[in-house]
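Spelled out from the first residue to the last, the chains are:
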Amino acid sequence: MTKTTQLCTFFLDNLFLGIEVENVQEILRHQEMTRVPLAPPVVAGLINLRGQIVTAIDLRRRLELKPRAYDPLPINIIVRTPDETVSLLVDEIGDVLDVSDDDFERPPDTYRGGVRELIQGSYKLPNRLLLFLDVDKVVDFTVMD
């Protein structure tokens, strides 16, 4: 019997990416952020989420993509990890998709180095490739150092 996984999908630059739905707490429009002096460049700032201070990670920087244009403003995907709650800044939200393990493949060979460590694999969809991110590694700044 084929196992399926539900992924929350989103767009960054020209990439179509997904993370497991059970890691997603909520999705918010752009939030005001407070810069953090001396933080790693991937940390865009801190947001106040109903009294909870949450680190916002610039996913473009984390995946070594070109910087985002000023408009449109990024969207926050609030994700829970075993250790913390963080915000991933993305360009646009997609749908929640059910993907089959039969369509899962290793990360494409075109991704090398540290970025490849952040991608668990890919799903071949009828009209595009969906990259499956490893949220735990994305929020672990020791990966890709």
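Above this note sits the structure.
Below you will find a few notes about this structure. Note that the structure is a prediction, hence the values are computed from the model and not measured.

Definitions and limits used
Residues numbered from 1 in each chain as written. Predicted model: local features only at pLDDT ≥ 70, side-chain atom pairs only at ≥ 80, totals over all residues. Heavy atoms only, no water. Helix = DSSP H or I, 4+ residues; strand = E, 2+ residues; numbered from the N terminus. Polar contact = N/O pair within 3.5 Å; in protein donor to acceptor, adjacent residues only side chain to side chain. Contact = heavy atoms within 4.5 Å. Salt bridge = Lys/Arg side-chain N within 4 Å of Asp/Glu carboxyl O. Buried < 20%, exposed > 50% of the residue type's maximum accessible area, 1.4 Å probe, protein only.

## Side note on the side chain of Asn76
Step number 1: Residue placement: Asn76 occurs in strand β6 (residues 75-80).
Step number 2: Polar side-chain contacts of Asn76 include one of 3.0 Å to the backbone oxygen of Arg29.
Step number 3: A polar side-chain atom of Asn76 sits 2.6 Å from a polar atom in the side chain of Ser87.
Step number 4: With sequence-adjacent residues up to four places away left out, Asn76 is seen in contact with Glu26, Ile27, Leu28, Arg29, His30, Gln31, Ile47, Ser87, Leu88 and Leu89.

## Regarding the pattern of salt bridges
Step number 1: According to the stated counting rule, one finds six salt bridges in the structure shown.
Step number 2: Here Asp91 ties to Arg60 by a salt bridge, and the two come within 2.6 Å at their closest N and O atoms. Note that Asp91 is positioned in the loop between β7 (85-90) and β8 (92-100) and Arg60 in helix α1 (residues 59-62), a separation of 31 residues in sequence.
Step number 3: A salt bridge links Asp109 to Arg116; the nearest nitrogen and oxygen atoms lie 3.8 Å apart.
Step number 4: The exposure class assigned to Asp109 is exposed, which follows from its relative accessible area of 52%.
Step number 5: Arg116 gets classed as partly exposed once you look at its relative accessible area, which sits at 23%.
Step number 6: Salt bridges sharing common partners tie together Arg60, Arg68 and Asp91.

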